[in-house]
Amino acid sequence: MRAEEFTDGPFGRAVREPGSVWAFTYYLPREIPRDLHLGPQVIAALSEADAALGQLHGLGTLITDPSLLIGPYLRREALASTRIEGTQASLSDVFQAELDEARPTEDVLEVQRYLEATRLAHDLVTTLPLTQRLILQVHERLLRDVRGEERRPGEFRTSPVWIGGAGATPETAPFVPPLPEHLPDLLADWERFVNVDTPAYPALIQAALMHYQFETIHPFLDGNGRIGRLLINLQLMLRRRLNHPLLYLSTYFETHRSDYYERLQGVRERGDIDAWLLFFLEAVREQAGDAIARSQRLVQVRESYFGEAIQARSSLPRLVAMIVENPFVTVRAVESRLGLTNQGARTLILSAVSRGWLVSLGRRGRGSREYWYAPGVFDVMNAPMASDADRPDADPT
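Since the structure is predicted, the reported quantities are computational estimates derived from the model, not experimental observations.

Quick notes on the rules
Residues numbered from 1 in each chain as written. Predicted model: local features only at pLDDT ≥ 70, side-chain atom pairs only at ≥ 80, totals over all residues. Heavy atoms only, no water. Helix = DSSP H or I, 4+ residues; strand = E, 2+ residues; numbered from the N terminus. Rg over C-alpha atoms; globule rule 2.2 N^0.38 Å. Buried < 20%, exposed > 50% of the residue type's maximum accessible area, 1.4 Å probe, protein only. Contact = heavy atoms within 4.5 Å. Areas by Shrake-Rupley, 256 points an atom, 1.4 Å probe, with all protein chains shown as cover. Lys, Arg positive; Asp, Glu negative; His and termini not counted. Charge placed at Lys NZ, Arg CZ, Asp CG, Glu CD. Core = buried A, V, L, I, M, F, W, Y, C linked by side-chain atoms within 4.5 Å. Salt bridge = Lys/Arg side-chain N within 4 Å of Asp/Glu carboxyl O. Axes fitted to C-alpha atoms, helices over the stretch in contact; angles between N-to-C directions. Parallel < 35°, antiparallel > 145°, perpendicular 65-115°, else oblique. Left-handed = near helix turned anticlockwise from the far one by under 90°. Nonpolar A, V, L, I, M, F, W, Y, C, P; charged D, E, K, R; others polar.

K.L.:
Please set out the overall build of the chain residue by residue, giving values where relevant.
P.N.:
If you tally the helices and strands in the chain, you get 15 helices and five strands. In summary, the chain has a C-alpha radius of gyration of 23 Å against a globular reference of 21 Å for 397 residues, a match within 12%. Projected onto its principal axes, the C-alpha coordinates of the chain cover approximately 75 × 45 × 40 Å. Here the chain holds 397 residues, and the buried ones make up 54% of them. A sequence separation of at least 24 residues applies to 66% of the contacts in the chain between residues at least 6 apart. Counting only carbon and sulfur atoms, one obtains 50% of the accessible surface of the chain, whose full area is about 17000 Å². Distance between charge centres in the chain, computed from 43 positive and 52 negative side chains, equals 5 Å.

Listed below in structure tokens is the structure:
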């Protein structure tokens, strides 16, 4: 890390400890500013993002069964957040792995651990504020039994790290987070900032600063990005800007990955907080709008299927609920979930096939099990955001 590339500003400075065993330049953040001046562009972007978030919050109060949407959004977020870290799984891989008894691929397993960590965080935040205790428990779940497990799950780092490509050194890396000895004070300040009784900033500005500072502190050897992105939704729920976890920004961050990293680095190097806030608020506006549109389409599909299903004297309505949660099914999954016989489950699936709801993907995997999927549901979940519609997406097979 080159000290001359970093200004000494309100967010931190480049530091070097002569004679130390770790005698290289690193970045030492300052406490999070509590009196930040918001420029006119940021205020305008905040207004638009806040309005979009308000619409999403309203949608969450109107939908009778928010769990219908939470499951799909959790999976999309888990997938996008782990993709930023380099995994190659697709949404169809994640859904199908939930039906398979065999151990999933390492990439899919990382997505599953992110889902588990997110659900744990949502449970913990009902009784705990955003504390270091909560973060450590969530981090332990995130890295359990996956790549990176040797990197101290559930423990803050006790050694230096640097951010760069393969072969990077502290001298060549573009960013070297603070040394471990600084973590206690920095994390204590971070904790005070996110749990203050009378916040100095609107919820979205607080969330943006919270995320920036967490990524800059970089308290873990691995998993910092995933934990930091997971915390955004929790912060907004604690500020009562969302009543259900329906806003996830990782899809936007993944689509604009280079901008995401550049905006964070710009704060460190030049104190360019406005560029980061504008990027973050645009992500909120885009993702809230996408969540509303996607939710409406998913509800329409469900209601269309359900309206037809209730006319049949069978378990078809329960199958509709099942495929909206996971659009991939097998006979065994339907048999187990709905308490049917093997033949009853097969008959129910074939009824859905005859109505055009399910399409066979053929036989695959151990035991040559046949899989079906609901394209009407999956296509809504898997469709790219409007802003990245030209991006090629995964085939369900």
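K.L.:
Could you give me a rundown of the nonpolar core, with the residues and numbers involved?
P.N.:
Core analysis: the largest hydrophobic core is formed by 131 residues, its most contacted members being F253 and W276. Sort the elements by how many residues they give to this core and helix α11 (residues 273-309) lands first, with 15 residues.

K.L.:
Break down the pattern of salt bridges for me, with residues and values.
P.N.:
Working definition: two side chains of opposite charge can pair if their charged atoms are close together. Summed over the entire model, instances satisfying the criterion amount to 26 salt bridges. Taking the shortest distance from any N to any O, the salt bridge between E254 and R257 comes out at 3.8 Å. The partner of R363 in a salt bridge is E370, with the nearest N and O atoms 3.8 Å apart. The class for R363 is exposed, based on a relative accessible area of 53%. Because the salt bridges share partners, they merge into one network encompassing E31, R34, D189 and R192.

K.L.:
Talk me through the packing of helix α4 (residues 106-124) against helix α5 (residues 132-142); I want residue IDs and the actual numbers.
P.N.:
A pair of packed helices can be characterised by two numbers: the angle between their axes and the separation between those axes. At a closest axis distance of 8 Å, the pairing of α4 and α5 adopts a crossing angle of 155°. Taken together, the axis directions place α4 and α5 in an arrangement best described as roughly antiparallel. When the axes of α4 and α5 are compared, the crossing they make is right-handed. Together, R113, Y114, E116, A117, L120, A121 and L124 of α4 and L134, Q137, V138, R141 and L142 of α5 make up the contact between the two elements. Each residue belonging to the contact of α4 with α5 can be placed in one class, and the counts come to eight nonpolar, one polar and three charged.

Note that all results are geometric; they support no functional claim without further evidence.
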